[in-house]
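Descriptive structure summary
So the chains spell out like this:
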Amino acid sequence: MRVWHDNYGPAGLTIVGVHSPEFPWEKSLDRVKDATSRLGIKFPVVQDNNFAIWQRYGVRAWPTIMMVDKMGIIRYSHIGEGAYDKTESMIRQLLAE
């Protein structure tokens, strides 16, 4: 995500991380701030402690990637690790539209 943010951000990609805590101790705003700083995350991260975003988008597992186009339509989703080449290909495709 960091690499995609750096590589495609100038072309129009907007990444918003959504932190939906798996464990109670992950709900702390200070912990989220510390983690994003320590990991060098430069894109915004929304804290979803009540799982409202998770539920709205029908997320079922960590991690989930969703791509929403300029019209607000979900065009791609991937559950779990992997599929990085496919995900990057979709980033390029959506940016070209």
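Heads up: these notes are all about the structure in this document. What you see is a predicted model; the values in this text were computed from it and never measured.

1. Observations regarding the overall build of the protein
What the protein contains, in helices and strands, is 4 helices and 4 strands. The helix and strand sequence of the protein, counted from the amino end, reads α-β-α-β-α-β-β-α. Scaling as 2.2 N^0.38, a compact globule of 97 residues should have a C-alpha radius of gyration of about 13 Å, and the protein matches this with 14 Å. Along the three orthogonal principal directions, the C-alpha set of the protein runs to about 40 × 30 × 25 Å. When each of the 97 residues of the protein is scored for burial, the buried share is 24%. Counting contacts in the protein only where the partners sit at least 6 residues apart, residues at least 24 apart contribute 47% of the total. Carbon and sulfur atoms make up 54% of the accessible area of the protein, which amounts to about 6900 Å² in all. Side chains of the protein carry 12 positive and 11 negative charges; the gap between the two charge centres is 2 Å.

2. Topic: unusual backbone geometry
Cis geometry is adopted by the peptide bond preceding Pro 63, which originates at Trp 62 and carries an omega value of -20 degrees. With respect to the helices and strands, Pro 63 occurs in the loop between helix H3 (52–56) and strand E3 (64–68). Positive phi, close to 65 degrees, is recorded for Phe 51, a residue that is not glycine. With respect to the helices and strands, Phe 51 occurs in the loop between strand E2 (45–47) and H3. Taking the relative accessible area as the measure of exposure, Phe 51 reaches 17% and is therefore buried. Unlike most non-glycine residues, Ala 83 shows phi in positive territory, near 60 degrees.

Calculation notes
- Residues numbered from 1 in each chain as written.
- Predicted model: local features only at pLDDT ≥ 70, side-chain atom pairs only at ≥ 80, totals over all residues.
- Heavy atoms only, no water.
- Helix = DSSP H or I, 4+ residues; strand = E, 2+ residues; numbered from the N terminus.
- Rg over C-alpha atoms; globule rule 2.2 N^0.38 Å.
- Buried < 20%, exposed > 50% of the residue type's maximum accessible area, 1.4 Å probe, protein only.
- Contact = heavy atoms within 4.5 Å.
- Areas by Shrake-Rupley, 256 points an atom, 1.4 Å probe, with all protein chains shown as cover.
- Lys, Arg positive; Asp, Glu negative; His and termini not counted.
- Charge placed at Lys NZ, Arg CZ, Asp CG, Glu CD.

In short, shape yes, function no, at least from these values alone.
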